[in-house]
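Listed below, chain by chain, are the residues.
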Protein chains: 2
Amino acid sequence: MGSAVTSNTLIALPGDEALAESLAGGLDAAIAALEYRRFPDGESYLRIHDSLQETTAVLVARLDRPDPKIPALLFAADLARDLGASAVGLAAPYLPYMRQDIRFQPGEALTSASFARWVSRHFDWLVTVDPHLHRYAGLNEIYSVPAVAVSAAPALAEWIFTNVEKPVIIGPDVESSQWVEAVAARHGLPWRVMHKQRFGDREVRIAVPDLSALEGHTPVLLDDIVSSGATLARAAEALSDAGMASPVCAVVHGLFSESCRETLKAVGVRRLVCTDSVQAPEAGIVLAPLLTPAIERMSDCAAGRR
Amino acid sequence: MGSAVTSNTLIALPGDEALAESLAGGLDAAIAALEYRRFPDGESYLRIHDSLQETTAVLVARLDRPDPKIPALLFAADLARDLGASAVGLAAPYLPYMRQDIRFQPGEALTSASFARWVSRHFDWLVTVDPHLHRYAGLNEIYSVPAVAVSAAPALAEWIFTNVEKPVIIGPDVESSQWVEAVAARHGLPWRVMHKQRFGDREVRIAVPDLSALEGHTPVLLDDIVSSGATLARAAEALSDAGMASPVCAVVHGLFSESCRETLKAVGVRRLVCTDSVQAPEAGIVLAPLLTPAIERMSDCAAGRR
């Protein structure tokens, strides 16, 4: 068949226009402006002024704090299709609702599966960055459309290598070991993984690995998500108890809920950095160069399948 | 076939527990408690502790200001089905997203159709009260599952007959004439309809009908929805200009966005009343007695179809 070439039109959800612009540059794609406002009664109004005929519409959406954004996201997908887009893709650097991947207690909603169904019914494909895959081995377990998980490891590794002197990459729990290994491997950096026990949403205890060989190193606590900051804070305290220097925290997705920043400052974290998968002052690691090839590949594949 | 008898279990969305209780009384139905909270990152957590096996689950949800509520609503529907409910119905006294029923401008999202698809995919049937049917003749134009629109007219008529002296029912625009006629007819009250021109979301002008024969009557401005209050305020001003007494405003759905109450007070509205389809201090008209027979009928029909 050979590779198909398709023209892409990027459409940003409210607040994500700058991310869409940066992706458009790398993709040689057009931008269609989404007019968005709320009616006085709180309902969403959406309008796209540009034609989408003969193009793949790619919705660009940062989906942290997802609930109020979900209706607009799904409305926009329906609208793009109504306006003639030949395919509708989703570029969502942070994929929400990955954490409730099992019924921990009987009667709990399996929100990961529901959300995946909604996205799969509205979009032809999905590109995201480091989804929180824990009990699911891959996105295809719950997403019925092609879904690519881009790794932020190259960008995180580059940032750490450039900005931190003599780093040792430390994962705050076993779940984080997949990101820790991937980042450490790129520049052959040393790494360790701690062991975490979780009690409820916020309470966490940490078991520290042997750090005796790593004196003089700067610990870089690495995780996929920071939310309340409890996990990283307990890890930072454990490092301090073990006599390590004040750590840098580097995460893929900086959700920063509640008093996260204060919590991390209070335990002596010297610097906090995350990617721009979420809007935050700490979002110093740019994902666009990693996202654009994946979007291009998905868009071309979807066009080839037609 | 004869009528099937099914056991119903009502499940309230957060804040709608009292409404569910009042419906359960009329239906001889069980209540299943929905545990709802948000994770620190803003994602929804839902859990239902009771079994739903062999029952019809009926979600009770007030859907004004809908966007933040929509994910929880759809999660709850999926969960009820996961927990073994033989059917899942929706009792939503206020049905949102009925107003964007046409693309007024090219490129606008037809949110009414999208929202109807989401509900139709998650629920087996729907009971609501006076949906804003304007360009759609019936809910079945957009809802693919059985949908019953209960009329609040009996409850509104009763309230007006009991509480207002010598009332004349007045519709602020042609769209309102369906509610005005239905309410006036029940006690043979006089009625009139004004003519409205709308400019944008908030600006409205009114043409007044001949009111000369109605001196000494108390005008009752009646509409299906009050949101910004602009329509009712212009109507109240027009009544004042025509020499009528200060009006009562009676509406089915009291959305009360922004400075609605102040707007209506400023133009001399003497009293404002609405049904309990939305939570509000003005919600003095109880819908449960009208809703329960419709819920019972839909639930029995759905059970009979199986």
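Keep in mind the model is a prediction, meaning the values are calculated, not measured.

**Q** Can you tell me about the domain arrangement of chain A, naming the residues and giving the values?
**A** All names here are of chain A. Entries for chain A in the domain assignment read domain 1 (8-151 + 287-304) and domain 2 (153-285). Placing the centre of domain 1 and that of domain 2 at their C-alpha centroids yields a distance of 28 Å. Between domain 1 and domain 2, the contact holds 17 residues from the first and 20 residues from the second. Each partner contributes to the roughly 1,700 Å² buried at the junction of domain 1 and domain 2, and carbon and sulfur atoms together form 53% of this total. It is Tyr 94, Asp 130 and Leu 287 that lose the most area in domain 1 upon contact with domain 2, and together they represent 33% of the buried surface on that side. Run the count over domain 1 and domain 2 and you get zero salt bridges. Joining domain 1 to domain 2, the criterion identifies 11 residue pairs in polar contact (both at pLDDT 80 or more).

**Q** Explain the relation of the copies chain A and chain B to me, and be specific about the residues and the numbers.
**A** Least-squares fitting of chain A to chain B yields an RMSD of 0.0 Å, with the superposition described by an axial translation of 0.0 Å and a rotation of 180°. Each copy turns onto its partner about a two-fold axis. Of every C-alpha in chain A, the one belonging to A:Pro68 sits nearest the axis of rotation, 2.2 Å from it. Both copies present the same face, since 100% of the interface residues in chain A are matched by interface residues at the equivalent positions in chain B.

**Q** Account for the packing of helix H4 (residues 153-163) of chain A against helix H5 (residues 177-186) of chain A, with residues named and values stated.
**A** Residue and element names in this part refer to chain A. For the pair H4 and H5, interaxial distance at closest approach is 8 Å and the crossing angle is 55°. In terms of orientation, H4 and H5 fall into the oblique class. Here the hand of the crossing between H4 and H5 comes out right-handed. Residues Ala 153, Pro 154, Leu 156, Ala 157 and Ile 160 of H4 form the contact with H5, whose own contacting residues are Ala 182, Val 183 and Arg 186.

**Q** Go over the sheet that holds strand S14 (residues 248-254) of chain B with me, naming the residues and quoting the values.
**A** Residue and element names in this part refer to chain B. Reading across the sheet, the six strands line up as S10-S9-S13-S14-S15-S16 and stay open at both edges, with parallel pairing between neighbours. Edge positions in the sheet fall to strand S10 (191-193) and strand S16 (283-285), since each of these pairs with one other strand and no more. Between one strand axis and the next, the sheet turns through 35° on average, direction left out of account. Relative to S10, strand S9 (residues 167-171) is paired through three bridges, and the arrangement is parallel. Considered in S10, the bridge of Ile 170 is made with Arg 192. Here helix H4 (residues 153-163) sits on the sheet in contact with S9, strand S13 (218-226), S14, strand S15 (271-275) and S16, set at roughly 155° to S14. Most of the contacts of helix H5 (residues 177-186) go to S10, to which it runs at about 175°, and overall it touches S9, S10 and S13.

**Q** Kindly report on unusual backbone geometry, identifying the contributing residues and their values.
**A** Even without being a glycine, A:Arg65 presents a positive backbone phi close to 45°. By secondary structure assignment, the location of A:Arg65 is in the loop between strand S5 (56-60) and helix H2 (70-82). A residue is classified by how much of its surface remains accessible, and A:Arg65, at 34% relative accessible area, is partly exposed. If you check the backbone angles, B:Glu54 has positive phi at about 70° while not being a glycine. Looking at the element boundaries, B:Glu54 is found in the loop between strand S4 (44-48) and strand S5 (55-60).

**Q** Give me the lowdown on the pairing of strand S4 (residues 44-48) of chain A, citing residues and values where you can.
**A** All names here are of chain A. Counted residue by residue, S4 has five buried out of five residues, so it is predominantly covered. Neither face of S4 is left uncovered, since the one carrying Ser 44, Leu 46 and Ile 48 and the one carrying Tyr 45 and Arg 47 both have all their residues buried. Here five bridges tie strand S3 (residues 34-38) to S4, and the two strands are oriented antiparallel to one another. When the sheet's bridge partners are listed, Tyr 36 is paired in S4 with Leu 46. Between S3 and S4, which pair antiparallel in sequence order, lie five residues; one of them, Gly 42, sits at a positive phi of approximately 90°.

Rules used throughout
Residues numbered from 1 in each chain as written. Chains lettered and ligands numbered in written order. Predicted model: local features only at pLDDT ≥ 70, side-chain atom pairs only at ≥ 80, totals over all residues. Heavy atoms only, no water. Domains from an automatic or database assignment. Contact = heavy atoms within 4.5 Å. Buried area = accessible area lost by both parts, 1.4 Å probe. Salt bridge = Lys/Arg side-chain N within 4 Å of Asp/Glu carboxyl O. Polar contact = N/O pair within 3.5 Å; in protein donor to acceptor, adjacent residues only side chain to side chain. Least-squares fit on C-alpha atoms with pLDDT ≥ 70 in both. Axes fitted to C-alpha atoms, helices over the stretch in contact; angles between N-to-C directions. Helix = DSSP H or I, 4+ residues; strand = E, 2+ residues; numbered from the N terminus. Parallel < 35°, antiparallel > 145°, perpendicular 65-115°, else oblique. Left-handed = near helix turned anticlockwise from the far one by under 90°. Pairing = 2+ DSSP bridges. Buried < 20%, exposed > 50% of the residue type's maximum accessible area, 1.4 Å probe, protein only.

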